[in-house]
Amino acid sequence: MDNSEMDVFFYFADQPDSEVGLAIGALLIAQSEYPNVDIDDYLQKLGEMADEVRERISETSPPHEQIAEYNRYFFTENRFKREIVGFYDPANNYLNDVIDRRIGIDVTLYVLYIEIGRKAGLPLSAANVPSQCIVKYKFKHFDIFLDLGDEGRIISEEALRVKLEIAYGDEADLQRRSLNEDANKETLARILRNLARIYTDENEYDKAIQALKRITWLTPQYMTPYRRLGNLFYQIGNYNEALTAFETYLDGTESPFNEEQVIENIRMLRKILAKMN
């Protein structure tokens with residue numbers, strides 16, 4: 001299902017999570033829409049911003065002062081802000097557009113905030129909290145959590161608990177451990193999920209398929225993208241790929257969503273392919 005060897009993103013996604021560069025990954029995603037985008041040029045821009053932040057932040061300053069100064073630089077002086085009206089504009093998911101326009105959705109601002117901060121020497125990393133943009137500041141023997149939905153302000157334990165309950169429901173306490181895991185690949189997968197949804201709604205199935213394939217490379221432990229791939233391959237008449245996708249989903253999922261429908265899809269596709277042969 002793939003021609004994965006033709007897509008540089010396949011090799012990028014094959015790295016360990018801790019070695020995955022968020023900015024590079026996001027720019028590779030953008031390169032699919034903008035083939036001539038100069039990734040090195042945008043990385044240099046981020047490096048220059050990081051240099052400015054580094055000059056302002058003393059290594060001996062307490063974390064809350066470093067965080068406040070960085071937030072002032074990022075949100076106030078550079079005027080990076082969240083898109084409120086055009087959430088479903090694909091441009092909000094392309095990091096080059098976000099850098100140029102100074103506006104993006106939560107996840108692309110998240111990538112920028114973490115990458116500039118890291119390059120400046122701040123101990124920032126992504127926290128794996130679905131539908132939330134929580135950043136970790138790793139301070140000695142404990143973590144400080146920042147809420148990018150609130151312009152990077154430090155989030156209290158109680159507020160963090162509420163966000164975890166929103167994301168995980170009754171399993172919030174069990175999933176607290178996910179905050180200590182690397183989440184670079186999951187962050188990039190969030191961008192691709194947005195694009196897959198937008199492209200599907202716009203009937204740009206080839207683009208949606210590419211986004212979903214890339215999600216499977218980044219997060220192979222999740223099977224849901226295969227079900228969506230099956231539907232899209234069927235839409236474009238690629239029945240072999242549709243069958244493979246549905247079978248992969250069914251074989252790899254413990255409790256498949258809409259299992260009877262997936263089984264019926266497989267039966268129908270096998271029948272179609274038998275007639276074609």
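Relevant structure appears above.
In short, a report on the structure. This is a predicted model, so every value here is computed, not measured.

### Side note on the overall build of the chain
Here is step 1 of the chain: Within the chain, the secondary structure is distributed over 13 helices and six strands.
Here is step 2 of the chain: For the chain, the C-alpha radius of gyration of 20 Å lies close to 19 Å, the compact-globule estimate for 277 residues.
Here is step 3 of the chain: In terms of its C-alpha atoms, the chain occupies a principal-axis envelope of roughly 70 × 45 × 35 Å.
Here is step 4 of the chain: In the chain, buried positions account for 49% of the 277 residues.
Here is step 5 of the chain: Counting every atom, the chain has about 14300 Å² of accessible surface; 47% of that belongs to carbon and sulfur.
Here is step 6 of the chain: Computed over 32 positive and 48 negative side-chain charges, the inter-centroid distance for the chain is 2 Å.

### Quick look at the side chain of Thr 219
Here is step 1 of the chain: Along the chain, the position of Thr 219 falls in the loop between α10 (205-218) and α11 (224-235).
Here is step 2 of the chain: For Thr 219, the contacting residues outside a window of four places in its chain are Glu 186 and Ala 189.

### Some points on the pattern of salt bridges
Pairing between side chains becomes possible if they bear opposite charge and their charged atoms approach one another.
Here is step 1 of the chain: All chains considered together, the criterion is met by 17 salt bridges.
Here is step 2 of the chain: Glu 165 is the salt-bridge partner of Arg 161, the closest N and O atoms lying 2.4 Å from each other. Of the two residues, Arg 161 and Glu 165 are both situated in helix α7 (residues 157-168); the distance of four residues between them amounts to about one turn of the helix.
Here is step 3 of the chain: Note that Lys 207 and Glu 204 form a salt bridge whose closest N and O atoms lie 3.1 Å from each other.
Here is step 4 of the chain: Take Lys 207: its relative accessible area is 29%, and that puts it in the partly exposed class.
Here is step 5 of the chain: Judged by its relative accessible area of 30%, Glu 204 falls in the partly exposed class.
Here is step 6 of the chain: Where salt bridges share partners, they join Arg 56, Glu 69, Arg 72 and Glu 77 into one cluster.

### Describing the packing of helix α6 (residues 106-119) against helix α9 (residues 184-201)
Here is step 1 of the chain: For the pair α6 and α9, interaxial distance at closest approach is 10 Å and the crossing angle is 150°. The angle between α6 and α9 falls in the class roughly antiparallel. Crossing geometry of α6 relative to α9 is assigned as left-handed. Counted together, Val 107, Thr 108, Tyr 110, Val 111 and Arg 118 of α6 and Asn 184, Thr 187, Arg 190, Ile 191 and Asn 194 of α9 form the full contact between these two elements.

### Some words on the nonpolar core
Here is step 1 of the chain: One finds Phe 9, Tyr 70, Leu 112, Tyr 113, Ile 116 and Leu 188 to be the most contacted residues of the largest nonpolar core, which totals 85 residues.
Here is step 2 of the chain: With eight residues, α6 is the largest single contributor of residues to this core.

### Digging into unusual backbone geometry
For residues other than glycine, phi is negative in most cases, and the peptide bonds are mostly trans.
Here is step 1 of the chain: With a phi close to 60°, Arg 79 is a non-glycine residue in the positive phi region.
Here is step 2 of the chain: Position of Arg 79 relative to the elements: it lies in the loop between α4 (63-77) and β1 (81-82).
Here is step 3 of the chain: The backbone phi angle of Glu 151 is positive, close to 55°, even though this residue is not glycine.
Here is step 4 of the chain: Within the element layout of this structure, Glu 151 appears in the loop between β5 (142-147) and β6 (153-154).

### Notes on the packing of α11 against helix α12 (residues 239-252)
Here is step 1 of the chain: At their nearest, the axes of α11 and α12 sit 8 Å apart, and the two run at 160° to each other. Considered as vectors, α11 and α12 are oriented roughly antiparallel to each other. Handedness of the crossing formed by α11 with α12: left-handed. Of α12, the residues touching α11 (which contributes Thr 224, Tyr 226, Arg 227, Leu 229, Gly 230, Asn 231, Phe 233 and Tyr 234) are Tyr 239, Glu 241, Ala 242, Ala 245, Phe 246, Thr 248 and Tyr 249.
Here is step 2 of the chain: When grouped by side-chain class, the residues that make up the contact of α11 with α12 number nine nonpolar, four polar and two charged.

Rules and cut-offs
Residues numbered from 1 in each chain as written. Predicted model: local features only at pLDDT ≥ 70, side-chain atom pairs only at ≥ 80, totals over all residues. Heavy atoms only, no water. Helix = DSSP H or I, 4+ residues; strand = E, 2+ residues; numbered from the N terminus. Rg over C-alpha atoms; globule rule 2.2 N^0.38 Å. Buried < 20%, exposed > 50% of the residue type's maximum accessible area, 1.4 Å probe, protein only. Areas by Shrake-Rupley, 256 points an atom, 1.4 Å probe, with all protein chains shown as cover. Lys, Arg positive; Asp, Glu negative; His and termini not counted. Charge placed at Lys NZ, Arg CZ, Asp CG, Glu CD. Contact = heavy atoms within 4.5 Å. Salt bridge = Lys/Arg side-chain N within 4 Å of Asp/Glu carboxyl O. Axes fitted to C-alpha atoms, helices over the stretch in contact; angles between N-to-C directions. Parallel < 35°, antiparallel > 145°, perpendicular 65-115°, else oblique. Left-handed = near helix turned anticlockwise from the far one by under 90°. Core = buried A, V, L, I, M, F, W, Y, C linked by side-chain atoms within 4.5 Å. Nonpolar A, V, L, I, M, F, W, Y, C, P; charged D, E, K, R; others polar.

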